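Coordinates in review
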Amino acid sequence: MALRTADEFLAGLRDGRRVYARGERVADVTLHSGLRIAAEHGANVYELAADPDLRELFTCRRDGELVSRYYEPLTDREALERRARLIEEHTRRGRTTLNLTKAVGTDALNALTTFAAAAARGGDTPYPERIASYLDRCTREDLSVVLAQTDVKGDRRLRPHQQADPDLYLRIVERGEEGIVVNGAKAHTTMAPVADEVIVLPTRAMAAEDADYAVAFAVPIDTEGLTMICGPLPDPGASAWEAPISSRNVEVESLTVFDRVLVPWERVFLAGEHELAGMLATTFATYHRYTAIAYKLPFAELLLGCAVMAAEVNGTLAASHVREKLATLVEYGGLLRACVEAAARHAVAAVGGQVLPAPVYTNVGKHHFASRFHEMLRVVQDLAGGLVITAPGRDDLDGAETGALIRKYLAGPAGVDPELRLRLFHLIRDITASDFGGYNQVVTLHGEGSLQAQSLQMLRDADLTSAVGAVADVLEAELPTPRGLASALPVPG
Ligand SMILES: Cc1cc2nc3c(=O)[nH]c(=O)nc-3n(C[C@H](O)[C@H](O)[C@H](O)COP(=O)(O)OP(=O)(O)OC[C@H]3O[C@@H](n4cnc5c(N)ncnc54)[C@H](O)[C@@H]3O)c2cc1C
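Sequence order as written defines the numbering, with residues in each chain counted from 1. Only residues with pLDDT of 70 or above have their local features reported here, since the model is predicted, and side-chain atom pairs are shown and tallied only from 80 upward, although totals for entire chains, interfaces and linings are computed over all residues. Only heavy atoms go into the side-chain values, all of them from the structure, while hydrogens and water stay out.

What follows deals with the sheet that holds strand β9 (residues 215–220). Backbone hydrogen bonds are what pair the strands of a sheet, in a parallel or an antiparallel way. Whether two strands pair depends on DSSP finding at least two bridges between them. Only DSSP runs of H or I covering at least 4 residues are called helices, and only runs of E covering at least 2 are called strands; the numbering of each starts at the N terminus. As summarised here, the arrangement of the four strands in space is β5-β8-β9-β12, forming an open sheet in which the pairing is mixed. The outermost strands of the open sheet, each flanked by one partner alone, are β5 (145–148) and β12 (268–271). Strand-to-strand twist in this sheet, taken as the mean axis angle between neighbours without regard to direction, amounts to 20 degrees. Relative to β12, β9 runs antiparallel, the two being bridged by three bridges. Its bridge partner being in β12, Ala216 is matched across the sheet by Leu270. Running at roughly 70 degrees to β5, helix α5 (residues 100–121) makes contact with β5, β8 (197–200) and β12 of the sheet. A contact between two residues is defined here by any heavy atoms of the two lying within 4.5 Å. In this analysis, axes come from line fits to C-alpha atoms, helices being fitted only over the stretch in contact, and the angle between any two N-to-C directions falls in the range 0 to 180 degrees. Those strands touched by helix α6 (residues 127–141) are β5, β8, β9 and β12, and its axis lies near 145 degrees from that of β12.

Structural data, given as structure tokens:
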């Protein structure tokens, strides 16, 4: 089996997994009022791969067999560019809501592939074979794989072994013949309740005292001892007219708890080699931030479109301050696209025959879109006006008495359809000022790591030697090599 259908994927989610939502155990995630929406959104990766018009983009051949392009090995710059195009189009088809059902798991698998080659350099290790075999299985069975990296972390000042409760970072508590036993919890695991498998990676670099926390593995979601507690879920009663995106396209996150979970050895990819944990964590972050800058492109485009249309339906498009604000949005999306393209064009060779998106452009792009996102939402809200949060709904427009009043008083410039005008305000509310709008703000800021994590990574990977060389050239002097810059910075979240 190489490509599954959406129905086969959804059927696979009915397996007795331990998922809790709104205080109750969920019997079937595909039927639950809130989780169903996320499950169906997740399933679109299978629907789109079956669309003949998208087959070229969404699939590729492996050993002659058609497989999901998410599993295409990133062996050259062109493969990276194809991945960015895939992620951008996939997100656009999800009405700008990303779909991590395969994206984040394959970011982890790409990182593990690079990590395996690095581990093999250090001597004989079982990890490369296990990772290759797991990747092969995921590809052949067309699995949806998510990623749990972010530990709950307790007191951020303390290292894992220093925490008051040793389980505040996920750790190995036993090693046996069958495998390892792990305890702990990972926060914010996107789509775990509606995926097939979860890969676990370390959050950060580990010291020798933290060797039990240097752990990476994969388990099926219905594994014994694994419990997922969902965050807030969408309103199941919301209509597509009033909530055009969040009523249909949402992701779900869980607190993912591992209570003495047994991981068989063939699924263990790191178990105690603390010196390798940091490399695995940062390699994943780079692949994942490249995915992030690609998936944000359709949203940047939507924001610009909303701003243009808001100005149009208010009759303000020609005003100079409006055009200046629109230019800000053009700049936002343009710089983001430039980073996506530069990250692929300047990709660096990684060990093991893969390429890594250029870390500096990848982190600059992620930092750019996250740090300026709230400002961009403000521009759209500014141009749209207060109707973003006060526009009457569909029922009022359809009402015998209210409909005529709304059409009369909420008409914009001549020629603008009042219903379309209202729908536009509801769309802007959905993405900027609803629960979902708030979610968008926080996920943009924190998803793929906090701003500080990107700043730190940018500085680590920037060519400071050339920069100092430029000073040396002008001064015609020899300058000392800068030392200690990265270590002077705080540990990122
Ligand atoms: C919607 C959503 C989806 C996500 N999906 C996933 C997922 O699928 N898988 C996954 O593994 N993770 C996921 N994440 C996690 C994401 O990567 C983290 O939110 C991010 O790394 C920040 O970690 P945190 O939330 O624990 O916040 P914190 O780490 O507590 O960060 C809060 C602030 O504290 C600062 N800080 C943290 N530690 C220190 C320190 N030692 N010294 C100084 N300052 C510090 C940070 O820079 C930041 O400003 C998701 C997050 C969100 C919001």
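Read on, since the account is not over.
Helix-helix packing is described using two parameters, namely the angle between the two axes and the distance between the axes. Interhelical geometry of helix α11 (residues 373–384) versus helix α16 (residues 435–446) gives an angle of 150 degrees and a closest axis separation of 10 Å. Comparing the axis directions of α11 and α16 gives the class roughly antiparallel. Contacts from Phe373, His374 and Leu377 of α11 reach α16 at Asn440, Gln441, Thr444 and Leu445. In this classification, the charged set is Asp, Glu, Lys and Arg, the nonpolar set is Ala, Val, Leu, Ile, Met, Phe, Trp, Tyr, Cys and Pro, and all remaining amino acids, among them Gly, are polar. Classifying every residue of the contact of α11 with α16 by side-chain character gives three nonpolar, four polar and no charged. For classification purposes, angles smaller than 35 degrees are called roughly parallel, those larger than 145 roughly antiparallel, those between 65 and 115 roughly perpendicular, and all remaining angles oblique.

Attention now moves to the site of the ligand. Around the ligand, the surrounding shell holds 20 residues, and the nearest of these are Gln149, Thr150, Arg156, His188 and Thr190. Polar contacts, as counted here, are pairs of nitrogen or oxygen atoms within 3.5 Å of one another; within protein the pair requires one atom able to donate a hydrogen and one able to accept it, and residues that are adjacent in sequence qualify only if both atoms are side-chain atoms. A distance of 2.8 Å is found between a nitrogen atom of the ligand and a backbone nitrogen or oxygen belonging to His188. With respect to the ligand, the backbone of Gly449 contributes an N or O atom lying 3.3 Å from an oxygen atom. Contact with the protein chains removes 74% of the 970 Å² of surface that the ligand exposes when unbound. Only β5, β7 (179–190) and α16 provide two or more residues apiece to the shell around the ligand. Of the residues in the shell around the ligand, the class split is six nonpolar, ten polar and four charged. Of the domains in this structure, domain 1 (6–275) and domain 2 (296–488) are the two that each give at least three residues to the shell around the ligand. Whether a residue is near a molecule or strand depends on its heavy atoms: if one lies within 4 Å, it is near. Here, Shrake-Rupley sampling with a 1.4 Å probe gives the accessible areas, and only protein chains in the shown set may cover a residue. Where each domain begins and ends is defined by an automated method or by a domain database.

Only the six-membered ring of Trp is used, alongside the rings of Phe and Tyr, when aromatic pairs are assigned; centres must lie within 6.5 Å, and planes under 30 degrees apart are stacked while those over 60 apart are edge-to-face, with the rest tilted. For the structure shown, the criterion picks out seven aromatic pairs. Between Phe115 and Tyr127, the aromatic rings sit 6.3 Å apart at their centres with planes inclined by 35 degrees, giving tilted as the arrangement. Taken together, the positions of Phe115 in helix α5 and Tyr127 in helix α6 put the pair twelve residues apart, joining distant regions of the chain. As far as burial versus exposure is concerned, Phe115 and Tyr127 are alike and both buried. Relative to Phe258, the ring of Phe217 lies with its centre 5.9 Å away and its plane at 85 degrees, an arrangement referred to as edge-to-face. For every residue, the accessible area (1.4 Å probe, protein chains only) is compared with the maximum for its type, and the residue is labelled buried under 20%, exposed over 50%, or partly exposed between those bounds.

Let us look at helix α10 (residues 359–371). End to end, α10 covers 18 Å across 13 residues, agreeing with the expected 18 Å (1.5 Å per residue, within 8%). When we look at burial in α10, the residues that qualify are Pro359, Thr362, Asn363, Gly365, Lys366, His368, Phe369 and Ala370. Between the first and last residue of a helix there are one fewer steps than residues, each counted as 1.5 Å, and that sum is the expected span.

Along the polypeptide, Asp430 turns up in helix α15 (residues 418–433). According to the relative accessible area criterion, Asp430 is buried, its value standing at 2%. Along the sequence, Asp430 and Gly231 sit 199 residues apart, while their C-alpha atoms lie 19 Å from each other. When residues no more than four places from it in sequence are discounted, the contact partners of Asp430 are Ala243, Pro244, Ile245, Ser246, Phe436 and Gly437. Among the polar contacts listed, one links the side chain of Asp430 to the side chain of Ser246, at a separation of 2.6 Å.

A patch consists of residues exposed above 30% relative accessible area that lack any salt bridge, with like charges linked at up to 9 Å and nonpolar side chains (Val, Leu, Ile, Met, Phe, Trp, Tyr) linked at up to 5 Å. The salt bridge definition used is simple: a Lys or Arg side-chain nitrogen within 4 Å of an Asp or Glu carboxyl oxygen. Residues Val471, Val474, Leu475 and Leu479 make up a contiguous nonpolar surface patch of about 370 Å² in total accessible area. Looking at the element boundaries, Val471 is found in helix α18 (residues 464–475). Among the residues examined, Val471 registers a relative accessible area of 40% and is labelled partly exposed.

Below, the discussion takes up empty space enclosed by the protein. Every definition here rests on a 1 Å grid over the protein atoms only: cavities are sets of points where a 1.4 Å probe fits but cannot get out, pockets are open sets enclosed by protein on both sides within 12 Å along at least five of seven lines, and lining residues have some atom within 4 Å of a point. Grid points are joined across faces, edges and corners, and a volume is the space filled by probe spheres set on the points. In the structure shown here, the tally under the stated rule is three cavities of 30 Å³ or more. Taken as a whole, the largest cavity holds about 150 Å³ of empty space. Taken together, 13 residues line the largest cavity, and the ones lying closest to its centre are Thr96, Thr97, Leu98, Lys296 and Asn440. Considering each element in turn, the lining of the largest cavity owes the most residues, five residues, to α16. Each residue belonging to the lining of the largest cavity can be placed in one class, and the counts come to seven nonpolar, four polar and two charged. Residue assignment places the lining of the largest cavity across two domains, with domain 1 (6–275) and domain 2 (296–488) each supplying three or more.

With mixed pairing, the six strands of this open sheet are ordered in space as β2-β1-β10-β11-β7-β6. The sheet is open, and its two borders are formed by β2 (24–25) and β6 (171–175), each paired with just one other strand. In this sheet, strand β10 (residues 226–230) lies alongside strand β1 (residues 18–21) in parallel orientation, the contact comprising three bridges. Its bridge partner lying in β10, Val19 is registered against Met228.

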